[in-house]
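# Residue-level structure breakdown
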Amino acid sequence: MSRPAFSPEGVTLGVGLVALGVLWTLSNLGRVEMLPVLRTWWPLSFVVWGALELADLAIRRSSGRQP
Amino acid sequence: MSTQSPDLNAPAPPPPLPPSAVVAQAAPFVRLPKSPGLAAFLSLFPGLGQVYNGQIARAFAFFFAWVGSIYLTSTGHEFPFAFMIPFVYLYNMIDAWKGSNAINQRFLGGRTEPDEDAAMESPVWGAILAVFGVLILFNNLGWLDLDRLARWWPILLILVGAWFVYASLQKRKAVESGDEPPRL
Amino acid sequence: MSARKIGMLLLLLAFGASVETAWQVRGDVRIGPEGCRVMGGRFYGPSYSFEQTAERAVSSPARLEVRNAFGGVRVAAGAPGTVRVKLRKVVFLPTEEKAKGFADRVELRLSGEGSSLSVTTNRDDVRRGEDTGLETHLEIEVPPDTAVSVRNEHGQVDLSGLASAEVESSFGEVDVTRIAGDARVESKHDDVAVEDVGGSASVSSRHGAVAVSDVRGAVTLDVEHGHTAARRTGSIEAKQSHGGFQAEAVAGDLVVRGSHSEVDAADVTGRADVETSFGHAKLARIGAGARARVEHGRVEAEDVTGGLAATASHDGVTARHVDGAVEIEAQNGAVDASGLSGGARVRAQGGDVSLDGFSGAVTVEVDRGSARLTPRAAIASPITVEVHNGDVDLRVPDGSRATIEAESRRGDVRSDVAGLTVSDDDRPGPGRQFRGSIGGGGEPVKLRADGDVAFGAYGSASAITDRAVAKPSIEAGARTLEATPSPSPSPATAPTASPARRPTPSPDAPAEAPSEAPRTEAP
């Protein structure tokens, strides 16, 4: 079986931390309210992870077809 | 090597090593596919250890057996369901442990276990994650009322059950056609 | 599934749960801009009040619809032909100038024509995208024959002196009183009081207590997580879970389906039919028969006319003074009954049965307990008792005429009744059988037990059995409703207090009084 092209969990975690950092910085600067935004958008992490799993699968399948 | 007469005074050859030691000698560090300890620890939440072992049907069975025992006990049927609660809970941990060990034994015995991540060859897993996230996100944005949808949750049971049936039939086909060895 | 994926799944779920929890409790820790709602239900910081009034002529009979949030609604009977509305806006901003500027954008909206009128405000439009605290309190006077419908949240609702009332409310007390026709209330997260209703009353409540009194018509109740008290009403049909239920002076039938509820009912002129669990059922002075079924709780019934059917599990049954046939079943509990005058059929497991001062045919089955029977007078009806793992003791009053069969499977049969001598039993093995008669023979008396069977002499009936079954007592029904508008109710005065109602805050009460809600608005 082919190894994963990349780690969906790792990418999701990384992207999530970056997003959290950006949000927190903007909140500290008074530009946004962190908690309302976080409360509305946190499920996006599942969407991103799911999409990355599907992308990883697609990449592995296409590279598996290659000789 | 020249043939010689056996030397009766020579010390007896050492006994043959057991297979695990041969493997250990050939590869001093063998990464076993499953950790029985982790499986047992995850089973503190009934069913999660079986999920870790890739035994989804067993996971569902243990979870619902445990939850069902609690429910039946609380609704006036203490006998025998009160006894089943600790039994199911402990047995679920033991089963997860043994399941992990069985997988490791098969691995050491030379049977190849499918790469666990490659076991996610189906797009179902990614789709489930994405759909789950979309549903909650849409609810938070006010585009969906999850409270109203919640009454339809038993349809999930129907879908899961149908998937189990389908997966079992597929597996049987694969075993019968020789593509996959029968599972012990 | 790999441990990595499981770990990731648990991590994201834990993160989501933490965010949701932080969102729910943010008010308590004052996260967010000043003036935002806190979980105590109040805006905080300085506030300023402004009023706006409006008047509209309506034809009779009128229909009024009120929609509001985050403020009280009070509707009372006023002069005929006119609806008067006063809107009090309370704005939480640091300066009066800023507060007035904000308040000027909040408008009272009256729409409708003829006999139909709708009252609301544009607070949702004004508050969109704003975090400013705003309370809108409505005080409305309507003609007395007006049908009123109110939808409100996070504020108290007070309706009085109306033709009919319909309320949907959450996070605010509801008080409905002096309604000539029907009253219907749906409430969440606060208490409900309905009093003095000429028609029927229907109350649905979650997480709040319910008090209903002086209702001439039928009462329908659906209450969860709150206590219910009903007094002086017509027939009642109730669903009750997780909270006690009390009914007194019911002119009609009482039907209660409860769960995790204690049910107490007294003075019911019709039939009482009660089912509940994890609580008791107590019935007193029931006029047309009673049925009680309790899982994990006891049944107590007293002064029941027309028969009693009682089932209790994991506890016993007590019955006193029942006129009519009685059927009792107790699982893992004892049965204690006295003054049963219509015969009885009793089954008990894991507890003793005691029937004192009974008359009529009696059948008793006991498993893991003993039976003790004392008829009220000379035996004049069949008595059959079957006991496993226990004894039987039958008192035989003077003048009894009975044909007796007694069997003790592992014990003895004995008698100290004059004229009833137990002869020696020549059967081999343990136990004893006896057949005989008293008074020359008469009604069959069959007693069988694993333990001893004893016949005891007994003179006259005990005092308790001489009392007649008490009948239900209903006071004079709901107070007669006034035909003319009540002279006093006006927004400036508090309505007449009554024991069942809480005092109503005056219109000039401080801003924090009306709203007591553990909820915040969505961003």
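Residues numbered from 1 in each chain as written. Chains lettered and ligands numbered in written order. Predicted model: local features only at pLDDT ≥ 70, side-chain atom pairs only at ≥ 80, totals over all residues.

### What to know about the overall build of chain C
What counts, and what does not: To qualify as a helix, a DSSP run of H or I must reach at least 4 residues; to qualify as a strand, a run of E must reach at least 2; elements of each kind are numbered from the N terminus. Here a residue counts as buried when 20 or more other C-beta atoms sit within 10 Å of its C-beta, as exposed when there are 12 or fewer, and as partly exposed otherwise, the C-beta atoms being derived from the backbone. What counts as a contact here is a pair of residues whose C-beta atoms, placed from the backbone, lie within 7 Å.
Across its full length, chain C holds three helices and 38 strands. In chain C, buried positions account for 47% of the 523 residues. Counted over contacts in chain C with a minimum sequence separation of 6, partners at least 24 positions apart contribute 38%.

### What to know about the confidence of the model for chain C
Residues and elements named next belong to chain C. Note the threshold: Note: pLDDT gives the predictor's confidence per residue, expressed from 0 to 100.
Looking at chain C as a whole, the pLDDT averages 85, with 84% of positions reaching at least 70. Predicted confidence in chain C is weakest over helix H3 (residues 123-127), with a mean pLDDT of 82, and strongest over strand S15 (residues 210-215), with 98. Predicted confidence is poor over residues 30-40, with pLDDT under 50, and the contacts of this stretch with residues over four places away or in other chains come to 25 contacts. In this model, residues 476-523 is a region of pLDDT below 50 whose contacts with residues beyond four sequence positions or in other chains number 83 contacts. Reported for the predicted complex are a pTM of 0.60 and an ipTM of 0.88.

### Focus on the interface of chain C and chain A
Accessible area lost on assembly of the parts is the figure often given for the size of an interface. Formally: Polar here means any residue other than Ala, Val, Leu, Ile, Met, Phe, Trp, Tyr, Cys and Pro, which are nonpolar, and Asp, Glu, Lys and Arg, which are charged; Gly is therefore polar.
Of the residues lining the interface, 13 residues belong to chain C; the matching set on chain A comes to nine residues. Of the residues contributing to the side of chain C that touches chain A, the split by class is eight nonpolar, one polar and four charged.

### Brief notes about the environment of Pro36(B)
Residue and element names in this part refer to chain B. Position of Pro36 among the secondary structure elements: in helix H2 (residues 36-42). With 19 C-beta atoms packed within 10 Å, Pro36 lands in the partly exposed category. Along the chain, Pro36 and Met93 lie 57 residues apart, while their C-alpha atoms are 9.7 Å from each other. Beyond its immediate sequence surroundings of up to four residues, Pro36 is in contact with Trp97, Ser100 and Asn101.

### Some details on unusual backbone geometry
Residues and elements named next belong to chain C. At the junction of Ser60 and Pro61, the peptide bond is cis and its omega measures out at -10 degrees in the coordinates. Among the structural elements, Pro61 can be located in the loop between strand S1 (48-57) and strand S2 (63-67). A positive phi angle, near 60 degrees, is found at Arg368, a position not held by glycine. Summarising the element assignment, Arg368 is placed in the loop between strand S30 (362-367) and strand S31 (371-375).

### As for the packing of helix H4 (residues 56-74) of chain B against helix H5 (residues 78-108) of chain B
For any two helices packed against each other, one specifies the inter-axial angle together with the distance between the axes. Residue and element names in this part refer to chain B. For clarity, the cut-off: Convention adopted: a line fitted to C-alpha atoms gives each axis, helices being fitted over their contacting stretch, and angles between N-to-C directions are expressed from 0 to 180 degrees. Here roughly perpendicular refers to angles of 65 to 115 degrees, roughly parallel to angles under 35, roughly antiparallel to angles over 145, and oblique to all remaining angles. By convention the crossing between two helices is left-handed if the near helix lies anticlockwise of the far one by an angle smaller than a right angle, and right-handed if it lies clockwise.
Between H4 and H5, whose axes approach to 8 Å, the crossing angle comes to 155 degrees. Considering the angle they form, H4 stands roughly antiparallel to H5. Where H4 crosses over H5, the handedness of that crossing is left-handed. Across from Arg58, Phe62, Ala65, Trp66, Ser69, Ile70, Leu72 and Thr73 in H4, the residues of H5 making contact are Glu78, Phe81, Ala82, Met84, Ile85, Val88, Tyr89, Asn92 and Asp95. Considering only residue class, the contact of H4 with H5 consists of eleven nonpolar, three polar and three charged.

### A closer look at the nonpolar core
Which entries qualify depends on this criterion: Note on terminology: a nonpolar core is a set of buried residues of type Ala, Val, Leu, Ile, Met, Phe, Trp, Tyr or Cys, with members joined through C-beta atoms within 7 Å.
If you look at the biggest cluster of nonpolar residues, it comprises 115 residues, and the most contacted ones within it are Val75(C), Val194(C), Leu283(C), Ala301(C), Ala319(C) and Ile328(C). If you tally residues by element for this core, the top one is strand S18 (residues 245-259) of chain C, at seven residues. Beyond its immediate chain neighbours, meaning those up to four positions away, Ala301(C) contacts Leu283(C), Ala290(C), Ala292(C), Leu308(C), Ala310(C), Ala319(C) and Val322(C). Ranked by size, the runner-up nonpolar core spans 13 residues in total, among them Ala39(B), Trp66(B), Val88(B) and Ala96(B).

### Concerning the packing of helix H1 (residues 8-28) of chain A against helix H2 (residues 34-41) of chain A
Residue and element names in this part refer to chain A. Relative orientation of the contacting elements H1 and H2 amounts to 155 degrees, with a least axis distance of 9 Å. One way to sum up the angle between H1 and H2 is to call them roughly antiparallel. From H1, Leu23, Trp24 and Ser27 reach across to H2, where they touch Met34, Val37 and Leu38. For the contact of H1 with H2, the per-class residue count stands at five nonpolar, one polar and no charged.

### Notes on the environment of Arg109(C)
All names here are of chain C. Mapped onto the secondary structure, Arg109 falls in strand S5 (residues 108-111). For the pair formed by Arg109 and Ala54, sequence separation is 55 residues and the distance between their alpha carbons is 9.3 Å. In contact with Arg109, not counting residues within four places along its chain, are Thr120, Thr121 and Asn122.

### Focus on the environment of Tyr89(B)
Residues and elements named next belong to chain B. Within the element layout of this structure, Tyr89 appears in helix H5. On the basis of neighbour count, Tyr89 is assigned to the partly exposed category, with 17 C-beta atoms found within 10 Å. When residues no more than four places from it in sequence are discounted, the contact partners of Tyr89 are Pro46 and Trp66.

### A look at H1(A)
Residue and element names in this part refer to chain A. Applied cut-off: Expected span, for any helix, means 1.5 Å times one less than how many residues it has. To obtain the arc, one takes the directions from the helix axis to the C-beta atoms.
In a regular helix each residue adds 1.5 Å, so 21 residues correspond to 30 Å; H1 covers 30 Å between its end C-alpha atoms and thus fits that length. Residues Pro8, Glu9 and Thr12 constitute the buried set of H1. For H1, the arc enclosing every buried residue in end-on projection is 90 degrees, short of the 170-degree limit, so these residues lie on one face. Seen from the open side of H1, the exposed residues pointing more than 90 degrees away from its buried face are Gly14, Leu17, Val18, Gly21, Val22, Thr25 and Asn28. After H1 finishes, the residue Gly30 shows a positive phi value of roughly 80 degrees.

### Digging into the pairing of strand S25 (residues 317-323) of chain C
Residue and element names in this part refer to chain C. Filter applied, for reference: When DSSP finds two or more bridges between two strands, those strands count as paired.
Where burial is concerned, most of S25 is hidden: six out of the seven residues are buried. Bridge analysis of strand S23 (residues 299-305) against S25 gives six bridges, and the strand direction is parallel. For Glu300, the partnering residue across the bridge sits in S25 and is Thr318. Of the pairings in the sheet, the one linking S25 to strand S27 (residues 335-340) comprises five bridges and is parallel in character. Residue pairing in the sheet places Thr318 in a bridge with Asp336 of S27.

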